[in-house]
Amino acid sequence: MAKKTAEATVLDRSNDDIGEAVRLELYRKQQVIRQAEQRAYDLFLQNLVKGTSHLSLGQEAIAAAFGTAMRPGDLSFCTYRGHAHTLARGVSVESVLGELMQRDNGLMRGKGGSMHLTSVEHGVMGSYAIIGAHLPIACGAALTAQYKGTGDVAVCFFGDGTTNIGAFHEALNFAAIWKLPVVFVCENNLYMEYTAIHEVTAVKHPAADRAAAYGLERIVVDGNDADAVYRTAQAAFAKARAGDGPSLIECLTYRHSGHSRADPAKYRPEGELERWKERDPIKVYRERLKSFGIAESVMTSIDQEVARMVDAATEACKAAPMPPEDILFTDVYADGGWAWRN
Ligand SMILES: Cc1ncc(C[n+]2csc(CCOP(=O)(O)OP(=O)(O)O)c2C)c(N)n1
Ligand SMILES: [Mg+2]
């Protein structure tokens, strides 16, 4: 029920199935991702981040909502566009920026860089730069969870273009046959590297329109609305934990920047970016919180607290040393245990 007041439409909070504490967490996570990635871009311009990197500016609601809906033990599988999903599992901004800056305080002491963020401790089971490679791996993690009966769920994030790779179809079929506890999350940001997805795909919704081929429900969600994504994630987790198998979720969204640092994204039609910016997920969510009667000052203080945290993380990374040379020889091979070979 909505009630009109002088300032705004105030929603009846008794209808709020998500609740204020979770809503504020969803808002904060989106701000952390936005501000950390904007800082990563600034540091790149200062030549402090080497190599390329791929930002999720404009796509924050998806990572924030899944990160909030996941519980410890659940396993995330990211692409090279994985800063957001890594931060959403609680990895610190300092660890992520330190990794991008190849410092000793980085998540992997600077050895992985932007495209390979991994933190087993946080359930972040790697970031994969080969398109589609991680979908079968997520199935393997889900099979392990099913076999051991842990109740954990594997969550695999990927882009629209990934749905045209063979591994997508193999993984979907395998997950469906084995009723694996895995949630496939397609972030449809309308573009692959530089090509619009609709120009090279036989169906309008690259993930959702193929779900039926694997006996799965067709799910399309507004990826710029953290509440909508959160509810969809919760339903998929409940299904997976109940032993009812995988879900394939297509989240509609848009990346504000080009594919990577090197891409000015000139291939996009005029006005498209501006239209999507009107539906910026953080702007949408701020309005949502206000409509639930949360004061603007509450959001502003979250923004400021996150800004201070990102500033402190940046300073810590600038002051951190480069890793010592001998780490070149550590963590190179996993022996995997030899015992089973006799
Ligand atoms: C197997 C493979 N082919 C090609 C590439 C080069 N490549 C890197 S990103 C990308 C586009 C992927 O688009 P999408 O899945 O929509 O993800 P987005 O970048 O939009 O998040 C391509 C083709 C690659 N990394 N791996
Ligand atoms: Mg894409």
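The chain is annotated in an unreviewed UniProt entry as Thiamine pyrophosphate-dependent dehydrogenase E1 component subunit alpha from Rhodoplanes tepidamans. The UniProt entry for the chain carries the following text under Catalytic activity (unreviewed entry): "N(6)-[(R)-lipoyl]-L-lysyl-[protein] + pyruvate + H(+) = N(6)-[(R)-S(8)-acetyldihydrolipoyl]-L-lysyl-[protein] + CO2". Reading the Function (unreviewed entry) entry of the UniProt record for the chain gives the comment "The pyruvate dehydrogenase complex catalyzes the overall conversion of pyruvate to acetyl-CoA and CO(2). It contains multiple copies of three enzymatic components: pyruvate dehydrogenase (E1), dihydrolipoamide acetyltransferase (E2) and lipoamide dehydrogenase (E3)."

Student: What exactly am I supposed to notice about the site of ligand 1 here?
Tutor: For ligand 1, the set of nearby residues contains 14 residues, the closest of which are Tyr80, Arg81, Ala129, Gly161 and Thr162. With respect to ligand 1, the side chain of aspartate 160 contributes an N or O atom lying 3.1 Å from an oxygen atom. Separating an oxygen atom of ligand 1 from a side-chain N or O atom of threonine 162 is a distance of 2.8 Å. Surface burial for ligand 1 is 74%, taken as the share of its 590 Å² of free accessible area covered by protein chains. Judged by its atoms lying within 2 Å of the grid points, ligand 1 is housed in the largest pocket. Class assignment of the residues belonging to the shell around ligand 1 gives a composition of six nonpolar, five polar and three charged.

Student: Would you take a moment to explain the coordination of the magnesium ion (ligand 2) for this structure?
Tutor: Six octahedral donors at a metal ideally form angles of 90 or 180 degrees, and four tetrahedral donors ideally form angles of 109.5 degrees. Within the protein, the atoms that donate to the magnesium ion (ligand 2) are Asp160 (OD), Asn189 (OD1) and Tyr191 (O), at distances of 2.0 to 2.2 Å. Counting the intervening residues between successive donors of the magnesium ion (ligand 2) yields the motif D-x28-N-x1-Y. You can call tyrosine 191 buried: its relative accessible area is 7%.

Student: Is there a simple way to think about helix H1 (residues 20-45) in this case?
Tutor: Structural remark: α-helix, 3.6 residues per turn; residues separated by three or four positions point the same way. With 26 residues, H1 extends 38 Å from end C-alpha to end C-alpha; this agrees with the ideal 38 Å at 1.5 Å per step. At the exit of H1 stands asparagine 47, carrying a positive phi of roughly 65°.

Student: Please clarify how the side chain of arginine 23 should be interpreted in this entry.
Tutor: Structurally, the position occupied by arginine 23 is in helix H1. Not counting residues within four places of it along the chain, the set of residues in contact with arginine 23 comprises Asp16, Asp17, Ile18, Asp227, Arg231, Tyr285, Arg288, Leu289 and Phe292.

Cut-offs and rules
- Residues numbered from 1 in each chain as written.
- Chains lettered and ligands numbered in written order.
- Predicted model: local features only at pLDDT ≥ 70, side-chain atom pairs only at ≥ 80, totals over all residues.
- Heavy atoms only, no water.
- UniProt positions renumbered as here; feature names shortened; annotations may be inferred.
- Near = heavy atom within 4 Å.
- Polar contact = N/O pair within 3.5 Å; in protein donor to acceptor, adjacent residues only side chain to side chain.
- Areas by Shrake-Rupley, 256 points an atom, 1.4 Å probe, with all protein chains shown as cover.
- 1 Å grid on protein atoms, 1.4 Å probe; cavity = no way out; pocket = protein on both sides within 12 Å on 5 of 7 lines; lining within 4 Å.
- Sits in = over half its atoms within 2 Å of the grid points.
- Nonpolar A, V, L, I, M, F, W, Y, C, P; charged D, E, K, R; others polar.
- Donors = N, O, S within 2.8 Å, 3.2 Å for Na, K, Ca; no water.
- Buried < 20%, exposed > 50% of the residue type's maximum accessible area, 1.4 Å probe, protein only.
- Helix = DSSP H or I, 4+ residues; strand = E, 2+ residues; numbered from the N terminus.
- Expected span 1.5 Å × (residues − 1).
- Contact = heavy atoms within 4.5 Å.

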